[in-house]
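Letter by letter, the chains look like this.
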Amino acid sequence: IIIGFVILYCVVLAFGQVYRRFIGDESPMDKVKDTFKPFVNIFIPAHNEELVLKDTIDNLVKIDYPNYNILIINDRSKDKTHEIALKLVEEYSDRVKYYSRPDDAFPGKSAVLNDAFGMTDGDVICVFDSDAKVNPDFLTKIIPYLADDNVSAVQARKIMSNRNTSALTRFQNYEYLMDSNVQMGRDSIRAAVELRGNRELFKRQAIKEIGGWNLYTVTDDLDISTKLHINGLNVRFCSDVVVYEEALNDFNAIIKQRKRWAEGSIRRYLDYLKELISSKKISFKCSLDAMSYFSEFVLPVWLISDIVIQIIFILLGGKPDILTNLIVMAVISLFFICMLFTSINKFDNRGFLYALKWSVGTAIFVILLWTLVVT
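In this text the structure is predicted, and so the values were computed from the model without any measurement.

Participant: I keep staring at the overall build of the chain and nothing clicks. Help me out?
Facilitator: Scanning the chain for helices and strands turns up 13 helices and 8 strands. At 22 Å, the chain has a C-alpha radius of gyration in line with the 21 Å of a compact globule built from 375 residues. Each principal axis of the C-alpha distribution contributes one length, and for the chain these read about 75 × 50 × 45 Å. For the chain, the residues scored as buried account for 52% of the 375 residues in total. Here the contacts in the chain between residues at least 6 apart in sequence split such that 80% fall between residues at least 24 apart. With the model as given, the accessible surface of the chain reaches about 18,100 Å², and the carbon-plus-sulfur share is 61%. The positive charge centre, built from 44 side chains, and the negative charge centre, built from 46, are 3 Å apart in the chain.

Put into structure tokens, the structure is as follows:
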């Protein structure tokens with residue numbers, strides 16, 4: 001039943017995208033006057049980022065938008081981040097600002113963002129990771145999404161800059177393409193689009209309304225997404241604007257990263273489950289959409305638990321129901337392959353055989369990774 005619901009959910013998202021294209025309502029670019037140019041504060045939280053910080057700032061100062069500045073926030077770094085940041089301020093004094101947090105400051109990215117928020121007064125807040133890269137027209141193309149009074153935040157699409165380094169980096173890139181495809185579907189039905197920590201923009205008023213970032217979350221992006229939703233504040237996904245960042249090339253590092261993501265998402269549901277169900281501000285489709293995503297944690301645990309039970313049956317001399325497990329795993333695998341195949345064709349069209357090969361490989365990567373991590 002759960003698998004059937006998930007498949008139906010994805011079909012709805014797919015038809016939502018078709019509908020938006022049919023009515024010509026995908027991008028707000030043509031509807032926004034050139035006079036909408038709010039001032040943007042770009043936040044760069046930096047913790048031990050000496051290897052990438054300069055390249056990132058050199059890239060961001062080339063953005064061809066008139067009203068913005070960049071604030072580097074050094075979060076208790078132990079390397080040369082402080083010295084590099086000071087040189088960048090000297091080099092780009094008209095555009096780059098700097099703040100170094102004291103050693104006894106409250107730890108975590110959410111605390112960094114709250115500090116930066118209190119030091120600035122721009123109408124729009126943009127958050128980048130320290131290794132982000134964008135095209136010069138990034139703000140020009142994404143800011144129009146915020147012209148709508150009903151939109152409080154917007155998320156750009158992510159591409160791995162080192163995606164061709166290895167099979168592992170390609171798997172991550174195609175996994176993100178699949179996520180982008182799902183986010184486009186959620187956006188098409190104006191449901192619970194999620195922010196992704198990097199390349200996200202907020203209206204200052206929305207951040208004030210929800211009381212800022214949660215200091216005790218381990219995934220600031222997922223937490224604040226849900227806070228926005230339960231307060232009836234809409235989030236959009238901008239698929240035609242991209243940000244480049246580096247994929248991890250070490251499997252142990254990926255496991256560590258995904259464990260943090262999984263923990264943060266589960267905590268998010270535990271913290272806001274009541275509000276997701278009972279809030280009078282959140283729409284029904286947004287609430288249902290947000291709850292649907294919880295299946296990504298239920299299914300792996302359920303499947304592993306059932307396999308363990310079948311093993312126990314065998315050891316006790318009983319008759320196992322292996323066929324059901326095989327069917328379930330086959331359906332899940334086929335589902336991911338189809339999702340990945342569609343996403344690769346949409347964003348990285350390389351031909352049928354290429355898309356099929358990397359869809360199968362990435363599906364295996366995603367299923368094994370998330371089954372291990374979530375369990």
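Participant: It is not clear to me how the packing of helix 6 (residues 167-188) against helix 12 (residues 322-347) should be interpreted in this structure. Could you clarify?
Facilitator: Two packed helices can be described by the angle between their axes and the distance between those axes. Interhelical geometry of helix 6 versus helix 12 gives an angle of 90 degrees and a closest axis separation of 8 Å. Regarding the angle of helix 6 to helix 12, the classification is roughly perpendicular. The segment helix 6 lies against helix 12, with Tyr174, Glu175, Leu177, Met178, Ser180, Asn181, Val182 and Met184 engaging Phe336, Met339, Leu340, Thr342, Ser343, Ile344, Lys346 and Phe347.

Participant: Explanation requested: the pairing of strand 1 (residues 40-46) in the structure shown.
Facilitator: Within a regular strand, the side chains alternate between the two sheet faces. Across the 7 residues of strand 1, 7 count as buried, placing the element largely inside the fold. When strand 1 meets strand 2 (residues 68-74), the two strands line up parallel, connected through 7 bridges. Note that in strand 2 the partner of Ala46 across the bridge is Asn74. As a crossover connection, the stretch from strand 1 through helix 2 (residues 53-60) into strand 2 is right-handed.

Participant: Explain the packing of aromatic side chains here, please?
Facilitator: Describing an aromatic ring pair means giving the distance of the ring centres and the angle of the ring planes. Applying the stated criterion across every chain yields a total of 13 aromatic pairs. Seen in terms of ring centroids, Tyr174 and Trp358 are 6.2 Å apart; in terms of plane orientation they differ by 50 degrees. Their pairing is tilted. Here Trp358 lies in helix 13 (residues 352-374) and Tyr174 lies in helix 6, a separation of 184 residues in the sequence. Overall, the relative accessible area of 2% leaves Tyr174 in the buried class. By relative accessible area, Trp358 is classed as buried at 13%. The interplanar angle of 75 degrees and the centroid separation of 5.6 Å between the aromatic rings of Phe335 and Phe336 together place this pair among those described as edge-to-face.

Participant: Please clarify how the nonpolar core should be interpreted in this entry.
Facilitator: When a protein is soluble and globular, its nonpolar side chains tend to lie buried together. Within the largest apolar cluster, 63 residues are counted, with the highest numbers of intra-cluster contacts made by Phe43, Phe202, Trp213 and Leu228. Looking at which element gives the most residues to this core, the answer is helix 13, with 10 residues. With residues near it in sequence (within four places) discarded, Phe202 still touches Asp123, Val124, Ile125, Val127, Ser152, Ala153, Leu195, Ile207, Trp213, Ile224 and Leu228. Grouped together as the second largest cluster of nonpolar side chains are 36 residues, Val154, Leu201, Cys238 and Val241 included.

Participant: Before we go on, may I ask you to explain the sheet that holds strand 1 in this structure?
Facilitator: Two orientations exist for strands paired in a sheet by backbone hydrogen bonds: parallel and antiparallel. Pairing within the open sheet is mixed, and its 8 strands lie in the order 3-2-1-4-7-6-8-5. Both outer strands of the open sheet, strand 3 (96-100) and strand 5 (133-134), are each paired with one neighbouring strand and no more. Together, strand 1, strand 2 and strand 3 form the strand contacts of helix 3 (residues 81-91), whose direction differs from that of strand 3 by roughly 150 degrees.

Participant: It is not clear to me how the packing of helix 6 against helix 13 should be interpreted in this structure. Could you clarify?
Facilitator: The contact between helix 6 and helix 13 brings their axes to 9 Å, and the two run at 90 degrees. Considered as vectors, helix 6 and helix 13 are oriented roughly perpendicular to each other. Of helix 13, the residues touching helix 6 (which contributes Ala167, Leu168, Arg170, Phe171, Gln172, Tyr174 and Glu175) are Tyr354, Trp358, Gly361, Thr362, Phe365, Val366 and Trp370.

Participant: Mind showing me how you'd approach a nonpolar patch on the surface here?
Facilitator: A contiguous nonpolar surface patch, about 710 Å² in accessible area, is contributed by Ile7, Leu8, Val11, Val12, Phe15, Leu323, Ile327 and Val331. Put simply, the parts of the chain that give the nonpolar patch at least two residues each are helix 1 (2-23) and helix 12. Looking at the secondary structure, you find Phe15 in helix 1. Among the residues examined, Phe15 registers a relative accessible area of 59% and is labelled exposed.

Participant: What is the right way to look at the pairing of strand 3 in this model?
Facilitator: Note: strand 2 against strand 3, 5 bridges, orientation parallel. Its bridge partner being in strand 3, Ile73 is matched across the sheet by Tyr99. Tracing the backbone out of strand 2, into helix 3 and back to the parallel element strand 3 gives a crossover that is right-handed.

Participant: Can you walk me through helix 6 in this structure?
Facilitator: One full turn of an α-helix is made of 3.6 residues, so residues set three or four places apart face in the same direction. Between its first and last C-alpha, helix 6 extends 31 Å over 22 residues, near the 32 Å set by a 1.5 Å rise per residue. Where burial is concerned, most of helix 6 is hidden: 21 out of the 22 residues are buried. Phi turns positive, to about 55 degrees, at Arg190, one or two residues after helix 6.

Participant: Can you walk me through the pattern of salt bridges in this structure?
Facilitator: Side chains that differ in charge, positive against negative, can pair when their charged atoms come close. Enumeration according to the criterion identifies 18 salt bridges in this entry. Measuring nitrogen to oxygen at the nearest pair gives 3.5 Å for the salt bridge that ties Lys54 to Glu91. Residue Lys54 is located in helix 2, and its partner Glu91 is located in helix 3; the two are separated by 37 residues in the primary sequence. Take Lys54: its relative accessible area is 37%, and that puts it in the partly exposed class. Lys109 is the salt-bridge partner of Asp220, the closest N and O atoms lying 4.0 Å from each other. With a gap of 111 residues between them, Asp220 in helix 8 (residues 220-230) and Lys109 in helix 4 (residues 109-119) connect regions that are remote in the sequence. Judged by its relative accessible area of 8%, Asp220 is buried.

Analysis parameters
- Residues numbered from 1 in each chain as written.
- Predicted model: local features only at pLDDT ≥ 70, side-chain atom pairs only at ≥ 80, totals over all residues.
- Heavy atoms only, no water.
- Helix = DSSP H or I, 4+ residues; strand = E, 2+ residues; numbered from the N terminus.
- Rg over C-alpha atoms; globule rule 2.2 N^0.38 Å.
- Buried < 20%, exposed > 50% of the residue type's maximum accessible area, 1.4 Å probe, protein only.
- Contact = heavy atoms within 4.5 Å.
- Areas by Shrake-Rupley, 256 points an atom, 1.4 Å probe, with all protein chains shown as cover.
- Lys, Arg positive; Asp, Glu negative; His and termini not counted.
- Charge placed at Lys NZ, Arg CZ, Asp CG, Glu CD.
- Axes fitted to C-alpha atoms, helices over the stretch in contact; angles between N-to-C directions.
- Parallel < 35°, antiparallel > 145°, perpendicular 65-115°, else oblique.
- Pairing = 2+ DSSP bridges.
- Right-handed = clockwise from strand over helix to strand, strands pointing away.
- Phe/Tyr/Trp six-rings, centres within 6.5 Å; stacked < 30°, edge-to-face > 60°.
- Core = buried A, V, L, I, M, F, W, Y, C linked by side-chain atoms within 4.5 Å.
- Patch = residues over 30% accessible without salt bridge, like charges linked within 9 Å, V, L, I, M, F, W, Y side chains within 5 Å.
- Salt bridge = Lys/Arg side-chain N within 4 Å of Asp/Glu carboxyl O.
- Expected span 1.5 Å × (residues − 1).

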